[in-house]
2 protein chains.
Amino acid sequence: MKGKLYVIGTGPGSDDLISGRALKAIEESSVIAGYGVYTDLIAHKIEGKEIITTPMKQEVARCEKALEVAKSGKIVSLISSGDAGVYGMAGLIYEIAGNDDIDIEVIPGISAVLAAAARLGAPLTHDFAVISLSDLLTPWEKIEKRLKNAAEAEFIIAIYNPSSKKRADYLRKACEIMKPYISDDTICGYVRNCERDEEEIGTLTFKELFDFQADMFTLIIIGNSTTKLINKKMVTPRGYKGI
Amino acid sequence: MKGKLYVIGTGPGSDDLISGRALKAIEESSVIAGYGVYTDLIAHKIEGKEIITTPMKQEVARCEKALEVAKSGKIVSLISSGDAGVYGMAGLIYEIAGNDDIDIEVIPGISAVLAAAARLGAPLTHDFAVISLSDLLTPWEKIEKRLKNAAEAEFIIAIYNPSSKKRADYLRKACEIMKPYISDDTICGYVRNCERDEEEIGTLTFKELFDFQADMFTLIIIGNSTTKLINKKMVTPRGYKGI
């Protein structure tokens, strides 16, 4: 019997932002694999199912186990929060599976950047770039180049993993790189624990962002030169005329 | 009575990729506003409700009407496909509403870029940029600069609106701009009519992209230098070691 592996993004955290397709796949699966924080978020939906979890930084082992179980003929859902294809496990699953004969289906989800944008208002309604400041898997020089080029070309910039205990000064370093291209009063926004308990939302200027204390659960959005605050919401005009 | 305006992204097209929150808001609304193509996609969910549609390019009028009806005390859902905050109506609604006392809530959705990525495999698992080639609302020089800078900094690049009847050669023009920074054999992918009838999915090289016939229902994803084809899927490695 051929097994099946669903790679699922369950959205930012709230139950009602999971798609029907993801819910159906989870229901259909006898085995659920995922980092504990993510399986906990949907604990009430996976009661009675076999759970495979591995600690953080053991992503490869987690994917290998999920694939192994699927190959034995079971239906397995590997879950991530947000979208499994955005800094998620989808790529790794294909890399490990290689040319193995196994049915893999990626089910998209509402990524953190889209969820955070909606909470802030409408900051992303123009060309945007998504950059992670984590240099665990990417050389810092590449991250620097992306920050510089994105700022210079006036992209709206969404920043994942702006900071962690080991990288306390990374957001400030990133701001320094973008400084020549972004004016001090440019509107920025942050969402911490988006759509989860203790959610925090706020806006600030680019100048204030230098000293902002972010953590790994924070997503930052830096507006472009046209972004403005309207009734406390962060809004980037699309450019429609006549208003 | 204070009205309410939901600004909703209903995802790429399939019913089962709409979030529960969006479905609940639509159910709660007595009035649905949207471009006809979008309201048609969810026609079976909005039977019996008052519908406000305006033709394409009358986005301002559509938003004004939706706001006016909401102000009269009704619950209104303004719907877009994908995510309402990505090249959608969310920004325009806030701009028109200004400081008016009206309750506006943006409900995020699965944007076209995320849906197309999932169909292609896992192309977006690293830093990416989203660029629209439509110069209706953006000067072409800005689009050129964004293409150049994104390609030079090795972003994965998602292209919305790659072509239309009036702009038949825009995708080729965009490729010419990126050519100095992207090698001929870089893996690219396209999805036409993503998650809708007559969906078409394929991969090709950057060199082949120059002559690719895209239309306004096509989304293009250009990989970075590490993107590869694995079992016919487009995959960008995240960079995990040991595999």
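Computed from a predicted structure; not experimentally measured.

Engineer: Please explain the overall build of chain A as it appears in this structure.
Structural biologist: From N to C terminus, chain A includes 8 helices and 13 strands. For chain A, whose C-alpha radius of gyration is 19 Å, the value lies close to the compact-globule estimate of 18 Å for 243 residues. A principal-axis box enclosing the C-alpha atoms of chain A has dimensions of 60 × 40 × 35 Å. Relative to its full complement of 243 residues, chain A shows a buried share of 60%. Excluding contacts between residues fewer than 6 apart, the proportion of contacts in chain A whose partners are at least 24 apart in sequence is 68%. Total accessible area on chain A stands at roughly 9,700 Å², and carbon and sulfur atoms take up 49% of it. Separation between the mean location of the 30 positive side-chain charges and that of the 34 negative ones in chain A comes to 3 Å.

Engineer: What is the right way to read unusual backbone geometry from this model?
Structural biologist: Residues apart from glycine generally show negative phi values, whereas peptide bonds are mostly found in trans. A positive phi is found at Asn193 of chain B, a non-glycine position, where the angle reads about 55°. Along the chain, the position of Asn193 of chain B falls in the loop between β9 (187-192) and β10 (200-205).

Engineer: What is the right way to read the relation of the copies chain A and chain B from this model?
Structural biologist: Mapping one chain copy onto the other needs a rotation about an axis and a shift along that axis. With an axial shift of 0.0 Å and an RMSD of 0.0 Å, the rotation relating chain A to chain B amounts to 180°. Taken together, the rotation and translation describe the operation of a two-fold axis. When each C-alpha of chain A is compared by its distance to the rotation axis, Ala129 of chain A comes out closest, at 2.1 Å. The overlap is high: 100% of the interface residues of chain A also sit at the interface in chain B, so the same surface is used on both sides.

Engineer: Explanation requested: the sheet that holds strand β5 (residues 103-107) of chain A in the structure shown.
Structural biologist: Within a beta sheet, neighbouring strands are joined by backbone hydrogen bonds and run either parallel or antiparallel to one another. Residues and elements named next belong to chain A. Reading across the sheet, the 5 strands line up as β3-β2-β4-β1-β5 and stay open at both edges, with parallel pairing between neighbours. In this open sheet, the two edge strands, each paired with only one partner strand, are β3 (50-52) and β5. The mean angle between the axes of side-by-side strands here comes to 20°, regardless of whether they run parallel or antiparallel. As paired strands, strand β1 (residues 4-9) and strand β4 (residues 75-80) are joined by 6 bridges and run parallel to one another. Looking at the pairing, Gly9 lines up with Ser80 of β4. Each of β1, β2 (31-34), β4 and β5 is contacted by helix α1 (residues 20-28), which is oriented at about 140° to β1, the strand it contacts most.

Engineer: Mind showing me how you'd approach helix α3 (residues 59-71) of chain B here?
Structural biologist: Residues and elements named next belong to chain B. Here α3 contains 13 residues, and its C-alpha end-to-end distance of 18 Å stays within 8% of the 18 Å for a straight helix at 1.5 Å per residue. The set of residues buried in α3 consists of Glu59, Val60, Arg62, Cys63, Ala66, Leu67, Val69 and Ala70. At the C-terminal side of α3, Gly73 shows a positive phi close to 110°.

Engineer: Help me understand the side chain of Glu195 of chain B, please; the structure alone is not making it clear to me.
Structural biologist: Relative to the elements of secondary structure, Glu195 of chain B occurs in the loop between β9 and β10. With sequence-adjacent residues up to four places away left out, Glu195 of chain B is seen in contact with Arg21 of chain A together with Pro12, Gly13, Ser14, Leu17 and Arg119 of chain B.

Engineer: Got a minute to help me understand the interface of chain A and chain B in this structure?
Structural biologist: When the parts of a complex come together, some accessible area is lost, and that lost area is often used as the size of the interface. Every contact between the two is made by 69 residues of chain A and, on the other side, 69 residues of chain B. Regarding the contact of chain A and chain B, the summed buried area is about 6,300 Å², with carbon and sulfur atoms giving 58% of it. The interface formed by chain A and chain B contains 11 salt bridges. In this structure, Arg146 of chain A engages Asp127 of chain B in a salt bridge whose closest nitrogen and oxygen atoms are separated by 2.8 Å. Between chain A and chain B we count 36 residue pairs in polar contact (both at pLDDT 80 or more) in total. In terms of residue class, the side of chain A that touches chain B is made up of 34 nonpolar, 18 polar and 17 charged. As judged from the 3 bridges shared by strand β7 (residues 128-132) of chain A and strand β7 (residues 128-132) of chain B, these two strands associate in the antiparallel manner. Paired with Phe128 of chain A across the strands is Val130 of chain B, a residue of β7 of chain B.

Engineer: Help me out: how do you make sense of the packing of aromatic side chains in this one?
Structural biologist: What the rule picks out here adds up to 8 aromatic pairs over all chains. The ring centre of Trp140 of chain B lies 4.6 Å from the NZ or CZ of Lys173 of chain B, which sits over that ring.

Engineer: Mind showing me how you'd approach the nonpolar core here?
Structural biologist: Within soluble globular proteins, side chains that are nonpolar generally end up buried alongside one another. Formed by 66 residues in total, the largest nonpolar core has its most connected members in Ile221 of chain A together with Ile221 of chain B. Counting residues in each nonpolar core, the second largest holds 58 residues, with Leu171 of chain A together with Leu147, Ile157 and Ala174 of chain B among its members.

Engineer: Help me understand the pairing of strand β8 (residues 156-160) of chain A, please; the structure alone is not making it clear to me.
Structural biologist: The side chains of a regular strand alternate between both faces of the sheet. Residue and element names in this part refer to chain A. Counting buried positions along β8 gives 5 out of 5 residues, so the element sits mostly inside the fold. Along β8, one buried face is formed by Ile156, Ala158 and Tyr160 and the opposite face, lined by Ile157 and Ile159, is buried too. Between β7 and its parallel partner β8, the chain crosses via helix α6 (residues 140-152), and the hand of that crossover is right-handed. Of the pairings in the sheet, the one linking β8 to strand β11 (residues 218-222) comprises 3 bridges and is antiparallel in character. Residue Ala158 lies in a different strand from β11, and its bridge partner there is Ile221.

Engineer: Which parts of the structure should I look at to understand the pairing of β1 of chain A?
Structural biologist: Residue and element names in this part refer to chain A. In terms of burial, β1 is largely enclosed, as 6 of its 6 residues are buried. As judged from the 5 bridges shared by β1 and β5, these two strands associate in the parallel manner. Each residue of the ladder has a partner; that of Val7, found in β5, is Val106.

Definitions and cut-offs
- Residues numbered from 1 in each chain as written.
- Chains lettered and ligands numbered in written order.
- Predicted model: local features only at pLDDT ≥ 70, side-chain atom pairs only at ≥ 80, totals over all residues.
- Heavy atoms only, no water.
- Helix = DSSP H or I, 4+ residues; strand = E, 2+ residues; numbered from the N terminus.
- Rg over C-alpha atoms; globule rule 2.2 N^0.38 Å.
- Buried < 20%, exposed > 50% of the residue type's maximum accessible area, 1.4 Å probe, protein only.
- Contact = heavy atoms within 4.5 Å.
- Areas by Shrake-Rupley, 256 points an atom, 1.4 Å probe, with all protein chains shown as cover.
- Lys, Arg positive; Asp, Glu negative; His and termini not counted.
- Charge placed at Lys NZ, Arg CZ, Asp CG, Glu CD.
- Least-squares fit on C-alpha atoms with pLDDT ≥ 70 in both.
- Pairing = 2+ DSSP bridges.
- Axes fitted to C-alpha atoms, helices over the stretch in contact; angles between N-to-C directions.
- Expected span 1.5 Å × (residues − 1).
- Buried area = accessible area lost by both parts, 1.4 Å probe.
- Salt bridge = Lys/Arg side-chain N within 4 Å of Asp/Glu carboxyl O.
- Polar contact = N/O pair within 3.5 Å; in protein donor to acceptor, adjacent residues only side chain to side chain.
- Nonpolar A, V, L, I, M, F, W, Y, C, P; charged D, E, K, R; others polar.
- Phe/Tyr/Trp six-rings, centres within 6.5 Å; stacked < 30°, edge-to-face > 60°.
- Lys NZ or Arg CZ within 6 Å of the ring centre and 35° of its normal.
- Core = buried A, V, L, I, M, F, W, Y, C linked by side-chain atoms within 4.5 Å.
- Right-handed = clockwise from strand over helix to strand, strands pointing away.

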